[in-house]
Amino acid sequence: MSYVIGCQDGTFPDFGHLIPNEMGGVWVPPIKILDGYWLKISDSKSGRSEWITGARHFTTRPHECELDYGEPLPGLHVVQRQFCPQHEAGTGIFFDIENRAATERELLLEFIVRSDVRGVFDFIGDHDETKDIWLRQQEHGLLLFRDGTNDWFGAVGCRESESTGSFDAVPYESNAGKGIAGVLRCRITLPANSRHTTAYGIAGSVVSEEHAAESCRRIFSSSEEMIREKIGTMTEALGRSAVSIPDKQLEQLYDWNKVHIEWMVSELPHLGRYLYGGAVTYPFLFCDMYSIQALCAMGDHDLARSTLRVLREQSERANGNGRIIHEVSAFGNIGNRGNTQETAHYIMSVGKVFRWTGDIAFLREHYPYMQQGISWLLDVCDKDRNLIPEGNGIIEVQGLDAEVVDVACYTQQALAALAEAAAALGNSQQSVRYAKQAEILKHRIDSLFWNDGNGTYADFVASAPVAERVVEGAIRQLKINRDYGITVRPRTERHYEKLLGQIGCEAGEMHKRPRMSNCNWIMNIPLETGIAPPERALRQLDRVRKRYTGKHGLYISGVERDRVMTITNGVQAVCEARYGRIDEALWYMHRIADTFGCNFPGGIYEMTPDWGCPVIAWTSYGIAVPLVSYLFGVDPDAPNRTVILRPDLPQGWTECTLTNLTVGNNRIDYTLRRKGKKVQVEITDTRPGWRYLVDSSRMAGHSFHLIRRTRQ
């Protein structure tokens, strides 16, 4: 994994809050190597020199970014292309220089870099105590440098055979940090109406100076081959579980979700291969059930398996008791030992992957820690033994560590997943016990959390003293938000003050009842998981759409009503689709789609429309899962070589296709065609002996005809 963070005009200003003013530049986790790089071109005949900045156009492609600078010198057109290789810790940079003049030109190219060798954001402190050190210049102007304290190394090189390097450079921008500047110089002759491409390589290493140097040489000498390899990787990803649907905006977004996933794959020797959370702010491994489900739907089962393996291994190292960590840095340091719902998320995710893959060895590998996880939830976190663990869920706000609705629902789903896993492994007694607990908890959630007065499920259930503590935490959170520069509206403060007063009138009532504090989006988790009975689900869906959504979709908090995330819209799309309202699901999916390319071409911001990470993994959940699992209705049972198809075509859709769908070792092409009230389901697969069961419950009034072929 490597990435370049800068501005679309080609500059590298200081910015960022996790590492203040240090989040830009060139990164090869677990280290950063450059604050930035800049090209200066001098024309020997005219005597003019120009910094190549102020790009007129910025283009994102799956495999590269392009910056078009126009003509910084008269008749000289310059384009930069940058890419991050699949298997090298660095980046490759091309400058395509076109002489549009009628005369020959002699040009001096000065590629100037400013080092800043430091660690990525970590949870144990800063990794930039001393000034960087230039080591030496090697052949072809290869510049080598290192951190002043740690054995972390960087290298910058140029493919031009006559290039030279020195350490007397003055960069275009002045950056914070303890870096130093160097320059690679080369001269080129450009005949009239000709074009020349100069290739540069940037690499880093936590192994040795020579390791960085060799990687850099490979990048600048083999850039074209590496780009072809990256194009091949992207083409393969786009070909897995490919959709063709009438809504081309959603089809495009689905494809870009796959690209984003490829951008966020990390493979580090001391950790393994995994999907990290989001760029730029969260290049960590998270416990993210949502992205795992998207990976399954989009056909990248190997990445789902390896991500869960790294997550389990790091959790065993940090906790060892079944609890799943929240996040781990590229150095392997833990920032949070785990929110309560994340252990349930892990158990659920293993179950989902098993249903898609039928990989019994994978299940057997994880099953002991799944059992430890449910024991931690029910024996350690569930103080009153009602099957609802106490503790923080996915909403990371002060005080909300009671019996929270998302923790309850995901624990119920974890028990159901364990029941299936135990049965698959031949542990019938354990399977019966887990299934019984799952059924008890399902009914308990519905009875305890439903708030009939609000027409929704509650944020949490609690006695008056616990509720008072939760609301006091919400008030503290407002102060924290204000300190971070987030606007806090007076009506929000009044809401919590009023709520606190109402709880005070209960005079310490110890009976638990459903409570609304933040009116968070997690109120919808009983619907997302299918726990809610249809009559309550439909009532809540209408209520949420009317009261808790704005022009960008579902608010994070129905009280504050100021922020929307892709995950809130994604979960709500799944809720709508699960209860047979696919057209309403499309509305939430389009709220995600509407932000595509907003500020960052090719990106979808974490916070709608344009705040937070420009690319975040769990956005894929809100597009891939509604499409594959609900619109196409794919419900895999790979262990039993069975696929249940429960399609739900939106109004006006007459044909859609899902190609190269992976279930177990089978590859399936699946087409839906509707004419009037008749639907043809066409299946072409690669494995004989598989069963396909069509469930028409989501398209009542339609008749279905299944055509099945197996490729020889």
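Residues numbered from 1 in each chain as written. Predicted model: local features only at pLDDT ≥ 70, side-chain atom pairs only at ≥ 80, totals over all residues. Heavy atoms only, no water.

Asker: How do you make sense of helix α11 (residues 490–504) when you look at a structure like this?
Answerer: It helps to recall that an α-helix has 3.6 residues per turn; residues three or four apart then point in one direction. If you check α11, its first and last C-alpha atoms are 21 Å apart, about what 15 residues at 1.5 Å a residue would give, namely 21 Å. For α11, the full list of buried residues reads T492, Y496, L499 and I503. In a view along the axis of α11, the buried residues occupy a sector of 60°, so they form one face of it. Exposed side of α11, more than 90 degrees from the buried face: P490, R494, E497 and K498 are the residues found there. Buried positions along α11 lie against α10 (464–483) and β27 (513–515). (Helix = DSSP H or I, 4+ residues; strand = E, 2+ residues; numbered from the N terminus. Expected span 1.5 Å × (residues − 1). Buried < 20%, exposed > 50% of the residue type's maximum accessible area, 1.4 Å probe, protein only. Arc of directions from axis to C-beta. Contact = heavy atoms within 4.5 Å.)

Asker: So what exactly am I meant to see when it comes to the sheet that holds strand β22 (residues 334–336) here?
Answerer: Strand-to-strand pairing in sheets goes through backbone hydrogen bonds, with the strands running parallel or antiparallel. Read from one edge of the open sheet, three strands run β20-β21-β22, paired in antiparallel fashion. The open sheet has two edge strands, β20 (285–286) and β22, and neither has a second partner. Sheet analysis places β20 next to strand β21 (residues 327–328), joined by two bridges and oriented antiparallel. By the bridge assignment for β21, F286 is matched with E327. (Pairing = 2+ DSSP bridges.)

Asker: Is there a simple way to explain the side chain of S315 in this structure?
Answerer: Structurally, S315 can be placed in helix α5 (residues 301–318). For S315, a relative accessible area of 0% corresponds to the buried category. Ignoring sequence-local partners within four residues, the contact set of S315 consists of G320, R323, I324, I325 and Y369.

Asker: Which parts of the structure should I look at to understand the packing of helix α4 (residues 289–298) against helix α6 (residues 340–357)?
Answerer: Between α4 and α6, the shortest axis-to-axis distance is 9 Å and the interhelical angle comes to 5°. Considered as vectors, α4 and α6 are oriented roughly parallel to each other. Contacts between α4 and α6 pair M289, Y290, I292, Q293, C296 and A297 from the former with H345, M348, S349, K352, V353 and W356 from the latter. By residue class, the composition of the contact of α4 with α6 is eight nonpolar, three polar and one charged. (Axes fitted to C-alpha atoms, helices over the stretch in contact; angles between N-to-C directions. Parallel < 35°, antiparallel > 145°, perpendicular 65-115°, else oblique. Nonpolar A, V, L, I, M, F, W, Y, C, P; charged D, E, K, R; others polar.)

Asker: Help me out: how do you make sense of the pattern of salt bridges in this one?
Answerer: Close approach of charged atoms allows side chains of opposite charge to pair. One pass over the full model with this rule turns up 53 salt bridges. Salt-bridge contacts for K512 lead to D384; the nearest nitrogen and oxygen are separated by 2.2 Å. A residue pair is termed long-range when its members are at least 10 positions apart, and K512 in the loop between α11 and β27 and D384 in the loop between α7 (360–381) and β23 (403–404) qualify at 128 residues. Each of R61, E64, E66, R81, D96 and R195 takes part in one network of salt bridges that share partners. (Salt bridge = Lys/Arg side-chain N within 4 Å of Asp/Glu carboxyl O.)

Asker: Please clarify how the environment of A176 should be interpreted in this entry.
Answerer: Among the structural elements, A176 can be located in the loop between β13 (164–166) and β14 (181–190). Among residues more than four places away in sequence, those in contact with A176 are D14, N21, E22, D35, R114 and D116.

Asker: Teacher, can you tell me more about the pairing of strand β34 (residues 642–645) here?
Answerer: Every other side chain in a regular strand lies on the same face of the sheet, so the side chains alternate between the two faces. Sheet topology places strand β33 (residues 634–637) next to β34; four bridges connect them, and they run antiparallel. Counterpart to P636 in the pairing with β34 is V643. Joining the antiparallel neighbours β33 and β34 is a turn of four residues, in which R641 adopts a positive phi near 50°. Alignment of β34 against strand β38 (residues 691–694), held across four bridges, turns out to be parallel. Bridging across to β38, I644 finds its partner in L693.

Asker: I keep staring at helix α2 (residues 223–239) and nothing clicks. Help me out?
Answerer: The end-to-end C-alpha separation of α2 is 24 Å, in line with the 24 Å expected for 17 residues at 1.5 Å each. Of all the residues in α2, the buried ones are S223, M226, I227, K230, M234 and A237. All buried residues of α2 project into a common sector of 100° when viewed along the axis, lining one side. Among the exposed residues of α2, those oriented more than 90 degrees off its buried face are R228, T235 and E236. Looking at the buried side of α2, the elements it contacts are β7 (76–83), β8 (90–99), β15 (194–205), α1 (209–221) and α3 (248–263). One or two steps after α2, the chain reaches S241, where phi turns positive at roughly 45°.

Asker: When you look at unusual backbone geometry in this model, what are you seeing that I'm missing?
Answerer: Note: most peptide bonds trans; most residues except glycine with negative phi. The peptide bond linking P29 to P30 adopts the cis configuration, its omega dihedral lying at 20°. Counting through the fold element by element, P30 comes out in the loop between β2 (25–28) and β3 (31–43). Backbone geometry places L387, a non-glycine residue, at a positive phi of 75°. Here L387 lies in the loop between α7 and β23. For R641, which is not glycine, the phi torsion reads 50° and is therefore positive. For R641, a relative accessible area of 45% corresponds to the partly exposed category.

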